[in-house]
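# Structural characterization, general
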Amino acid sequence: MCRDGYRLRGDKKTCMDIDECAEQTSGCEQNCTNSVGSFQCSCNDGYTLEKDNTSCDISKRLDVECKKLTCEYGCREEGAGSFVCFCQSGYVLSADKTTCEGKQMQTWMFKGVLWDF
Ligand SMILES: [Ca+2]
C-alpha cells in the first residue's frame, strides 16, 4: 500500500506520485501545480485562494472591475477575466452595455390566444 498522494506502480512494489493536476482530481478551480506526494492550487491574478485551498475568490477582482463598468443594475464575471453588466429580470441591457431598459414585448396570436414572449 502507498501513502496518500501516491499509487502503486505496475511492478506492484514501488509507489509513484499521483499527478492530481493531470488526472483532474485536485479540485483546483483555476491553476494546479503537481508536487511529489501532493499538489498545490493557485489562482489567477486578482483572485485569492480560499480557505479550502481549491476555490478562488473573485470578490476583490469583481470590486475593481465592476467599478470601472459603472453598471446600472449589476455586474458579474462572464468567462475568464471578462466582466459584464446585467439587468434585473424583465429588463435587457441597452446598447451602451451599462444601462437597462424594459424588455420589448412580442405578442403573438396563436390558436386564438395572445402569447407574450
Ligand atoms: Ca502529486
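Given the structure is predicted, the values throughout are model-derived calculations rather than measurements.

The helix and strand inventory of the protein stands at 1 helix and 12 strands. Moving toward the C terminus, one meets the helices and strands of the protein in the order β-β-β-β-β-β-α-β-β-β-β-β-β. Taken over 117 residues, the protein has a buried fraction of 9%. The contacts of the protein with a sequence gap of at least 6 include a subset with a gap of at least 24, amounting to 14%.

Below, the discussion takes up unusual backbone geometry. Although it is not a glycine, Lys12 sits at a positive phi angle of roughly 65 degrees. Relative to the elements of secondary structure, Lys12 occurs in the loop between strand S1 (6-8) and strand S2 (15-17). You will see that Lys97, though not glycine, has its phi angle at about 65 degrees, which is positive. Relative to the elements of secondary structure, Lys97 occurs in the loop between strand S9 (91-93) and strand S10 (100-102). Classification of Lys97 by C-beta neighbours within 10 Å gives exposed; the count is 10.

Relative to strand S8 (residues 83-86), strand S7 (residues 74-77) runs antiparallel, the two being bridged by 4 bridges. In the sheet register, Cys75 faces S8, and the bridge partner there is Cys85. Counting the residues in the hairpin turn of S7 and S8 gives 5 residues, including Gly79, whose phi is positive at 75 degrees.

Here Cys71 shows up in the loop between helix H1 (59-69) and S7. Judged by the 20 C-beta atoms lying within 10 Å of it, Cys71 is buried. A sequence separation of 16 residues divides Cys71 from Cys87, and the C-alpha atoms of the two residues are 8.8 Å apart.

For Val64, the location among the structural elements is in helix H1. For the pair formed by Val64 and Gly46, sequence separation is 18 residues and the distance between their alpha carbons is 9.3 Å.

Attention shifts here to the confidence of the model for the protein. Of the residues in the protein, 88% have a pLDDT of 70 or more, and the chain-wide mean is 88. Across the protein, the secondary-structure element scoring lowest on mean pLDDT is strand S11 (residues 107-110), at 62, and the one scoring highest is strand S3 (residues 31-35), at 98.

Quick notes on the rules
Residues numbered from 1 in each chain as written. Predicted model: local features only at pLDDT ≥ 70, side-chain atom pairs only at ≥ 80, totals over all residues. Helix = DSSP H or I, 4+ residues; strand = E, 2+ residues; numbered from the N terminus. Buried ≥ 20, exposed ≤ 12 C-beta atoms within 10 Å, placed from the backbone. Contact = placed C-beta atoms within 7 Å. Pairing = 2+ DSSP bridges. pLDDT = per-residue confidence, 0-100.

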